[in-house]
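These are the residues of each chain, in order.
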Amino acid sequence: MSTIAIVYHSGFGHTQALAESVAAGARALPGTVVSLVPVAEAEARAAELDAADAIIVGSLTYMGGVSADFAKFKDWTSQRWMEGTWRNKLAAGFTVSASWNGDKHNTLYQLMTLAVQHGMVWVGLGLPPGNNHSKGSIDDLNRVGAS
C-alpha cells in the first residue's frame, strides 16, 4: 500500500479543486491511500505527513509566488528538514493563477525547492510543450510549455 498526502492552500477554491483532482487520479491506483491536508491542518496532522510515502504540495500563485498561508507551512517544515524526516519521499506540486501565465513558474520553483531542500525526490509530468507548432492549440494540455 502507498500513502500520499496532498498539502494545499486554496484562496477561492480553485487550488482545492486541483487538489481533489490530483487525489482522484492517485486513488485510481490500486492500493493507494490519499489524504487531503489543507495547510491550516498540517501541523495537527504532522504524523500523517511524516508517515506518507509521497507528499504533493499545491498553492495558488499570488503576486508571483506561493500564498502567505503556504509560506507559513513551508516555514513550519523546517524542523522536519533539520531531522531529515521527509528525506527520500516522493514529491510533486501544482499551482493555479488567475491569469494564463501568472508567474506560475516561480511558484512551482518554490515548491520544487522546498522538496529538494528536504531531500525529497521531485517527480514531474514530463509533458512535451503544447501549442508550439502549426497543429498546436490553446486546448493542448501543456499549452504554455511548462511541466
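Quick note: structure is the one above.
Given the structure is predicted, the values throughout are model-derived calculations rather than measurements.

About the thresholds
Residues numbered from 1 in each chain as written. Predicted model: local features only at pLDDT ≥ 70, side-chain atom pairs only at ≥ 80, totals over all residues. Heavy atoms only, no water. Core = buried A, V, L, I, M, F, W, Y, C linked by side-chain atoms within 4.5 Å. Buried < 20%, exposed > 50% of the residue type's maximum accessible area, 1.4 Å probe, protein only. Contact = heavy atoms within 4.5 Å. Salt bridge = Lys/Arg side-chain N within 4 Å of Asp/Glu carboxyl O.

Chemist: What should I look at first to understand the nonpolar core in this one?
Modeler: A general trend in soluble globular proteins is that nonpolar side chains are found buried together. In this structure, Val7, Leu49, Ile55, Phe70 and Phe73 are the most contacted members of the largest nonpolar core, which totals 20 residues. Excluding its chain neighbours within four sequence positions, the residues that come into contact with phenylalanine 70 are Val7, His9, Val39, Val57, Gly58, Ser59, Leu111 and Leu114. Ala23, Ala26, Ile56 and Phe94 belong to the second largest nonpolar core, which has 11 residues in total.

Chemist: Where do I start with the pattern of salt bridges in this structure?
Modeler: Here the idea is simple: oppositely charged side chains can pair when their charged atoms come close. Per the counting criterion, the structure on display carries 3 salt bridges. Arginine 45 serves as the salt-bridge partner of glutamate 41, at 2.8 Å between the closest nitrogen and oxygen. Among the ionic pairs, arginine 45 bridges to glutamate 48, the shortest N-O distance being 2.9 Å. Take arginine 45: its relative accessible area is 21%, and that puts it in the partly exposed class. On the basis of relative accessible area, glutamate 48 is assigned to the partly exposed category, the value being 30%.

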